[in-house]
Amino acid sequence: MSKLVIEAGKVNRRYFKDLMSYRELFLLLAWRDVLVRYKQTIIGVAWSVLRPLLTMIVFTIVFGRLAKMPSEGVAYPILVYAAMLPWQFFSNTVNEGGNSLISNASMISKVYFPRIIIPTTAMVVSLIDFLISILILSTLMVWYQHVPTWKVVFLPMFLGLAAIAALGITFLISALNVKYRDFRHVLPFIVQIGLYISPVGFSSTVVPEKWRLIYSLNPMVGVIDGFRWAIIGNTPMYWPGFWLSVGLALLLLVTGFGFFRRMEREFADVI
Amino acid sequence: MSIIKVENLGKKYIIGHDLNAGGAFRSRALRDTLTHTARGLYQRLRHPLSPNVENTEIEELWALKNLEFEIEAGDRVGIIGRNGAGKSTLLKVLSRITEPTTGRIEIDGRVASLLEVGTGFHPELSGRENIFLNGAILGMTRSEIKAKFDEIVEFSEIERFLDTPVKRFSSGMYVRLAFAVAAHLEPDILIVDEVLAVGDAQFQKKCLGKMEEVGKEGRTVLFVSHNMAMISNLCQTGIVLNEGELEFFGQVSDAVTKYYQASNQRDAAHEREFKSDAAELLGAELIGLSNLSDITIHDELIVRMRYRIKKQIDGKCVPNFHFFVSDGSYAFVDSAKDVTSMPPGVYCAECKIPRQFLNEGAYFVGVALTTYFETGPWKIEFFDKNALTFNVVDPMDERSNRYGYGGPIPGVVRPQLDWSIAKESQ
């Protein structure tokens with residue numbers, strides 16, 4: 001074992017090595033979060049099923065029936081649910097991950113481990129919820145007799161993009177949450193706004209062509225468009241917007257990670 | 001070979017004006033920061049030429065200052081000091097929970113720190129699940145935990161409740177399970193805060209035994225406690241911290257003495273009063289000390305206390321001295337002889353410790369005044385447990401009766417009794 005040197009003000013050079021050696025803790029913490037979530041099985045599973053389902057119904061009624069938005073030639077519930085999948089994954093990760101450091105405060109002030117493990121585990125729980133939602137979507141597709149095309153194999157790629165964007169924002173918000181405790185009250189509001197400015201309840205084709213690129217500054221636009229492209233099959237993909245979303249998501253991840261590492265140093269003193 | 005090397009270590013905390021409990025500068029509200037920035041900006045605009053007034057609400061506190069020491073592999077080190085002396089901060093810095101503000105630390109081995117019992121325990125999870133979780137949090141790998149699982153369960157004595165959520169555990173069971181996991185850590189360096197204070201006495205003893213075992217296996221242990229008996233039992237080396245600074249580093253018995261001395265001076269300085277409605281302690285002193293606190297085993301020592309009786313008491317006020325050894329256990333107690341009733345006034349009571357009576361070591365003297373009545377219970381007028389301290393040393397001269405032997409001679413007393421040796425046969 002090499003010698004550990006802690007020097008005031010110096011960056012820890014073994015950070016990534018540390019991360020590797022704590023991967024078991026990451027898995028165990030993720031396992032704990034999943035276990036706790038589904039311990040009270042009925043409530044746990046029902047909740048992760050009900051929430052997106054209810055949102056989908058509301059959106060279908062409001063955007064599909066009342067506002068009569070275009071549905072890309074597919075049943076409106078499928079249009080909405082295909083977007084609900086990544087959105088739910090993204091917002092759950094940000095919500096849970098954003099508060100995760102605070103809810104694990106006692107651990108942070110009593111034992112060392114790379115703190116970034118904590119907000120990252122939030123994504124694992126969201127991933128389980130995501131898989132359950134996939135089942136619901138499959139049921140919906142059977143119900144509406146919609147057959148996906150070969151493009152569905154690209155779904156993991158778009159999920160990966162959602163994960164990158166979600167992690168970047170989660171790192172940022174969780175660190176901010178430690179320093180500024182009332183940020184917690186702002187967070188649900190931000191996520192709620194995100195739901196409406198992202199094309200969840202409607203297709204992004206309703207956005208005028210000249211605004212499409214600017215609209216894609218929201219990384220979730222690329223993700224949601226990608227999900228629809230892969231699942232529905234006959235929707236056109238706006239690729240420039242997608243690549244912009246990819247670039248921005250990566251930028252978010254890098255800045256989020258950097259910010260987290262800078263703030264991490266004083267977590268134990270402040271939390 | 002040193003396993004931990006600390007150079008010029010310092011840790012600064014910023015203390016805010018609007019503190020919440022604990023006194024440290026906790027997280028700020030975003031609202032405060034925003035309003036503060038806005039106000040600052042407004043001031044700038046109004047008086048663009050005025051000097052930048054620094055925020056006076058903020059105060060620096062050095063929890064650790066200029067610490068330098070080295071710990072050898074296999075040492076068991078006790079860290080003592082008053083509350084707020086920086087003990088816990090030192091442990092936190094050494095276990096990488098928080099970063100130092102200045103200085104450098106070199107650690108040559110795997111560290112496990114136990115600053116709290118059951119860190120990361122989740123109430124909804126079962127005992128079994130929590131063993132794995134807590135083990136991982138303390139730095140064990142899954143295979144290590146698996147290998148030790150049965151041992152841990154046996155040590156914790158909770159076999160029957162292994163699959164019960166820990167939220168249904170009694171606090172005793174909870175603590176036992178948590179300790180069982182911690183006790184089976186196998187790091188090179190074990191850092192333990194005052195966690196043994198919880199749990200029942202029997203289990204505490206078991207844990208102490210386990211920790212002693214850990215020390216004997218050649219692991220390095222850093223241990224914070226207020227219990228001097230535990231410290232002196234468990235550790236060879238002592239570190240005394242005082243207001244963030246290293247006051248002493250060396251033999252644990254010397255460290256304990258140092259600590260008590262410091263706390264005595266503090267009591268005097270802080271004019272903690274020992275009195276009742278009927279009597280008060282005015283002072284206590286030792287006469288015959290060669291330098292600050294030493295006597296040799298060949299010296300006499302006089303212990304003196306002065307006290308005032310404030311009103312007529314219809315019992316016998318008996319001054320008594322309590323002698324403790326460095327681990328906090330009693331050496332002996334002695335009360336004044338032939339006391340009759342004492343009218344109000346100032347009194348001076350002395351007692352002489354004869355030469356060649358006490359063995360080498362640190363002693364602490366408690367001074368007390370107890371009233372005994374004709375009938376009914378007695379009453380303690382005052383009892384200053386840590387009034388005085390002294391150190392008995394052996395000058396190792398011809399009177400020491402050692403015949404050249406240089407090692408320690410065990411025991412609290414070191415009398416030179418009357419011996420006779422007669423030749424009985426060829």
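Residues numbered from 1 in each chain as written. Chains lettered and ligands numbered in written order. Predicted model: local features only at pLDDT ≥ 70, side-chain atom pairs only at ≥ 80, totals over all residues. Heavy atoms only, no water.

For chain B, the count of helices and strands is 8 helices and 17 strands. Long-range pairs, those at least 24 residues apart, make up 72% of the contacts in chain B with a sequence separation of at least 6. Surface summary for chain B: the accessible area is close to 22100 Å², and the carbon and sulfur share equals 50%. (Helix = DSSP H or I, 4+ residues; strand = E, 2+ residues; numbered from the N terminus. Contact = heavy atoms within 4.5 Å. Areas by Shrake-Rupley, 256 points an atom, 1.4 Å probe, with all protein chains shown as cover.)

The helix and strand inventory of chain A stands at 12 helices and 1 strand. For chain A, the α and β elements follow one another from N to C terminus as β-α-α-α-α-α-α-α-α-α-α-α-α. A compact globule built from 271 residues would reach a C-alpha radius of gyration of about 18 Å, and chain A, at 20 Å, matches this within 12%. Dimensions of chain A, computed from C-alpha atoms along their principal axes, come out at roughly 65 × 45 × 35 Å. Expressed as a percentage of its 271 residues, the buried residues of chain A come to 55%. Long-range pairs, those at least 24 residues apart, make up 80% of the contacts in chain A between residues at least 6 apart in sequence. Within chain A, the 13 negative side-chain charges are centred at a point lying 1 Å from the centre of the 24 positive side-chain charges. (Rg over C-alpha atoms; globule rule 2.2 N^0.38 Å. Buried < 20%, exposed > 50% of the residue type's maximum accessible area, 1.4 Å probe, protein only. Lys, Arg positive; Asp, Glu negative; His and termini not counted. Charge placed at Lys NZ, Arg CZ, Asp CG, Glu CD.)

Our next topic: the nonpolar core. Phe227 of chain A together with Leu90, Ile131, Leu222 and Phe223 of chain B are the most contacted members of the largest nonpolar core, which totals 170 residues. Among the elements that make up this core, the one with the highest residue count is helix 4 (residues 76–103) of chain A (15 residues). Once residues within four sequence positions are removed from consideration, Ile131 of chain B is found in contact with Ile145, Phe149, Ile152, Val153, Leu162, Leu177 and Val181 of chain B. Residues Phe274, Ile297, Met305 and Val339 of chain B belong to the second largest nonpolar core, which totals 33 residues. (Core = buried A, V, L, I, M, F, W, Y, C linked by side-chain atoms within 4.5 Å.)

Opposite the 39 residues of chain A that make contact, chain B presents 45 residues. Together chain A and chain B conceal approximately 3900 Å² of surface at their shared face, both sides included; 59% is due to carbon and sulfur atoms. Close ionic contact of Lys11 of chain B with Asp269 of chain A constitutes a salt bridge, the shortest N to O distance being 2.8 Å. Taken together, the connections running from chain A to chain B amount to 10 residue pairs in polar contact (both at pLDDT 80 or more). (Buried area = accessible area lost by both parts, 1.4 Å probe. Salt bridge = Lys/Arg side-chain N within 4 Å of Asp/Glu carboxyl O. Polar contact = N/O pair within 3.5 Å; in protein donor to acceptor, adjacent residues only side chain to side chain.)

This part takes up a nonpolar patch on the surface. A contiguous nonpolar surface patch, about 750 Å² in accessible area, is contributed by Trp47, Leu50, Leu54, Ile57, Val58, Ile61, Val62 and Leu66 of chain A. Looking at where Val62 of chain A falls in the secondary structure, it is placed in helix 3 (residues 41–66). (Patch = residues over 30% accessible without salt bridge, like charges linked within 9 Å, V, L, I, M, F, W, Y side chains within 5 Å.)

All names here are of chain B. Taken together, the side chains of Asp150, Glu151, Glu154 and Glu159 present a region of like negative charge at the surface. Turning to its location among the elements, Asp150 is positioned in helix 4 (residues 142–156). On the accessibility criterion, Asp150 (60% relative accessible area) is exposed.

A few words on the packing of aromatic side chains. Applying the stated criterion across every chain, the model contains 29 aromatic pairs over all chains. Plain terms: the ring middles of Phe154 of chain A and Trp229 of chain A are 5.8 Å apart, the flat faces sit at 50° to each other, and that makes the pair tilted. Residue Phe154 of chain A is found in the loop between helix 6 (117–143) and helix 7 (155–179), and its partner Trp229 of chain A is found in helix 10 (residues 219–232); the two are separated by 75 residues along the sequence. On the basis of relative accessibility, which here comes to 32%, the residue Phe154 of chain A falls in the partly exposed class. With relative accessibility at 11%, the residue Trp229 of chain A sits in the buried group. Seen from their ring centres, Phe132 of chain B and Phe149 of chain B are 5.6 Å apart, and the 25° between their planes marks the pair as stacked. (Phe/Tyr/Trp six-rings, centres within 6.5 Å; stacked < 30°, edge-to-face > 60°.)

Residue and element names in this part refer to chain B. Helix length check: helix 5 (residues 171–183) (13 residues) gives 18 Å between terminal C-alpha atoms against 18 Å at 1.5 Å per residue, within 8%. Across the 13 residues of helix 5, 10 count as buried, placing the element largely inside the fold. Of the residues making up helix 5, those classed as buried are Met173, Val175, Arg176, Leu177, Ala178, Phe179, Ala180, Val181, Ala182 and Ala183. (Expected span 1.5 Å × (residues − 1).)

Let us look at the sheet that holds strand 6 (residues 189–192) of chain B. All names here are of chain B. Spatially, 5-6-7-3-8-9 is the arrangement adopted by the 6 strands of the open sheet, whose pairing is mixed. For this open sheet the edge positions go to strand 5 (111–114) and strand 9 (245–251), each flanked by a neighbour on one side alone. Across the sheet, the mean angle from the axis of one strand to that of its neighbour is 15°, orientation sign disregarded. Here 4 bridges tie strand 6 to strand 7 (residues 220–224), and the two strands are oriented parallel to one another. Residue Ile191 lies in a different strand from strand 7, and its bridge partner there is Leu222. The strands touched by helix 2 (residues 87–94) are strand 3 (76–80), strand 6, strand 7 and strand 8 (237–242); relative to strand 3, the strand with the most contacts, the crossing angle is about 135°. (Pairing = 2+ DSSP bridges. Axes fitted to C-alpha atoms, helices over the stretch in contact; angles between N-to-C directions.)

On to the pattern of salt bridges. Residues and elements named next belong to chain B. Applying the stated criterion across every chain, the model contains 29 salt bridges over all chains. Two residues, Arg104 and Glu106, come together in a salt bridge whose shortest N-O distance is 2.9 Å. What makes Glu106 buried here is its relative accessible area of 13%. With a shortest N-O distance of 3.1 Å, Lys379 and Glu381 are connected by a salt bridge.

Residue and element names in this part refer to chain B. On average, residues of chain B score 82 in pLDDT, and 84% of them reach the 70 mark or higher. Of the regions scoring below 50 in pLDDT, residues 51–56 engages in 3 contacts with residues more than four places distant in sequence or in other chains. Of the regions scoring below 50 in pLDDT, residues 266–270 engages in 2 contacts with residues more than four places distant in sequence or in other chains. For this predicted complex, the interface confidence score (ipTM) comes to 0.83, while the overall pTM stands at 0.72. (pLDDT = per-residue confidence, 0-100.)

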